[in-house]
Amino acid sequence: DPMGKVIISKRDVLIKLDTSFSIQFSQSNKRFGEISKIDARHSLKSLVFSKDQQLVGFIDNTLTFQEGMMELSEEDISYATDVCYSSQTNRYWVYDADNSKLVLFDNSLGNKTEINNLAAITGGSEPTSFFESHNQLILFYKGIGTYIFDYYGTLLRFIDDKKMEAIHTSKDFLYFIEEGKMIRLNLKTLNRISIALPMKDITEFRIFENYVFFKNSSGIKKYFLNQ
């Protein structure tokens, strides 16, 4: 989250860890089902998604579910496979795999906006992951590369790199993992810096200020990132 704390889901329990990985809060999430995604980029309200139940919900700082859980099947979403927060807590994106479209929900206005031209641009593949970063949509396709769109679905840039295994961004950089190293790509100059990895088989990672969090099958580890 914006304070550098980590929220994880373990079986049917949500757990918040402080910056030293000590447990701060834990909360049962049995009524929500298995959690597929946690987006904690906003400090007061984190987004959680269950692909099995096709539900989007929100938890506060104590990991308590708030009112307003959304059943995506009632919102003209055929089958959602991923979600992510927008830059504002009242807006979030949903990827509908059956219709190959992105839908932006705005809970404050009660409306939604759709981007329907993804299949024509990406060849119809399903993104491995996607997220919004600094008013741009970043769609990562493992084995293909990374597409960067604006809010209206206009393709701004395609980074052709079939070796990417996982990605994350900061304001000016795209970080990605490939073949045992992490690459920092300057999105303005396209210059690359290679950083040796301290662990293997990384499936996800996050950059937070001068730290990087790596996840693999053994757990999550936090390292200092020497810029």
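Below, the structure is looked at part by part. Note that residues are indexed from 1 along each chain, following the sequence as it is written. Reporting of local features is limited, given that this is a predicted model, to residues whose pLDDT is at least 70; pairs of side-chain atoms are given and counted only at 80 or more, and all residues count toward the totals for whole chains, interfaces and linings. Each side-chain value is worked out from all heavy atoms of the structure, with water and hydrogens disregarded.

What about the pairing of strand E20 (residues 204–208)?
- At least two bridges found by DSSP between two strands are what make those strands a pair. Counting from the N terminus, the helices are the DSSP runs of H or I reaching at least four residues and the strands are the DSSP runs of E reaching at least two. Bridge count between E20 and strand E21 (residues 211–216): five bridges; the pairing is antiparallel. If you follow arginine 206 over to E21, its bridge partner there is phenylalanine 213.
- Between the antiparallel neighbours E20 and E21 lie two residues, among them glutamate 209 with a positive phi of about 50 degrees.

A few points about the environment of valine 212
- Position of valine 212 among the secondary structure elements: in strand E21.
- Using a relative accessible area of 2% as the deciding quantity, one classes valine 212 as buried.
- Sequence separation of valine 212 and asparagine 226 is 14 residues, and the distance between their C-alpha atoms is 9.8 Å.
- In this structure, valine 212 is in contact with Phe205, Arg206, Ile207, Lys221, Lys222, Tyr223 and Leu225, ignoring residues within four places of it in sequence. The rule is simple: take the accessible area with a 1.4 Å probe, protein chains only, and divide by the maximum for that residue type; under 20% is buried, over 50% is exposed, in between is partly exposed. In what follows, a contact means two residues having at least one pair of non-hydrogen atoms within 4.5 Å.

Remarks on the environment of phenylalanine 214
- As for its position among the elements, phenylalanine 214 is in strand E21.
- Expressed as a C-alpha distance, the spacing of phenylalanine 214 and arginine 91, which sit 123 residues apart in the sequence, is 27 Å.
- Among residues more than four places away in sequence, those in contact with phenylalanine 214 are Ile177, Met182, Leu197, Pro198, Met199, Ile202, Glu204, Phe205, Gly219, Ile220, Lys221 and Tyr223.

Side note on the sheet that holds E21
- Pairing in this open sheet of three strands is antiparallel, and the strands run E20-E21-E22 from one edge to the other. Across the chains shown, the open sheet's two edge strands, defined by having one partner strand only, are E20 and strand E22 (219–224). Pairwise comparison of adjacent strand axes, ignoring direction, gives a mean angle of 20 degrees for this sheet. Here, axes are lines fitted to C-alpha atoms. For helices the fit covers the stretch in contact, and angles between N-to-C directions go from 0 to 180 degrees.

Overview of the nonpolar core
- Core analysis: the biggest nonpolar cluster contains 26 residues, and Trp93, Leu102, Phe130, Leu137, Leu139, Ile167 and Leu174 have the highest contact counts within it.
- Sorting elements by how many residues they give to this core places strand E13 (residues 136–141) first, with five residues.
- Nonpolar core, defined: a set of buried Ala, Val, Leu, Ile, Met, Phe, Trp, Tyr and Cys residues in which side-chain atoms within 4.5 Å join the residues together. Grouped together as the second largest cluster of nonpolar side chains are 14 residues, Val56, Val83, Val94 and Val103 included.

Examining the packing of aromatic side chains
- Aromatic contacts are taken between Phe, Tyr and Trp rings whose centres are within 6.5 Å, Trp giving its six-membered ring; a plane angle under 30 degrees counts as stacked, one over 60 as edge-to-face, and the others as tilted. Inspection of every chain in the model, using the stated rule, returns 13 aromatic pairs.
- By way of ring pairs, the aromatic residues Phe58, Tyr85, Tyr92 and Phe105 are connected into one cluster.
- In this arrangement the basic side chain of lysine 37 is found over the ring face of phenylalanine 130, its NZ or CZ atom lying 6.0 Å from the centre.
- Throughout this description, the term charge over a ring refers to an Arg CZ or Lys NZ atom that lies within 6 Å of the ring centre and within 35 degrees of the ring normal. Its end group placed over the ring of phenylalanine 173, arginine 184 keeps NZ or CZ at 4.2 Å from the ring centre.

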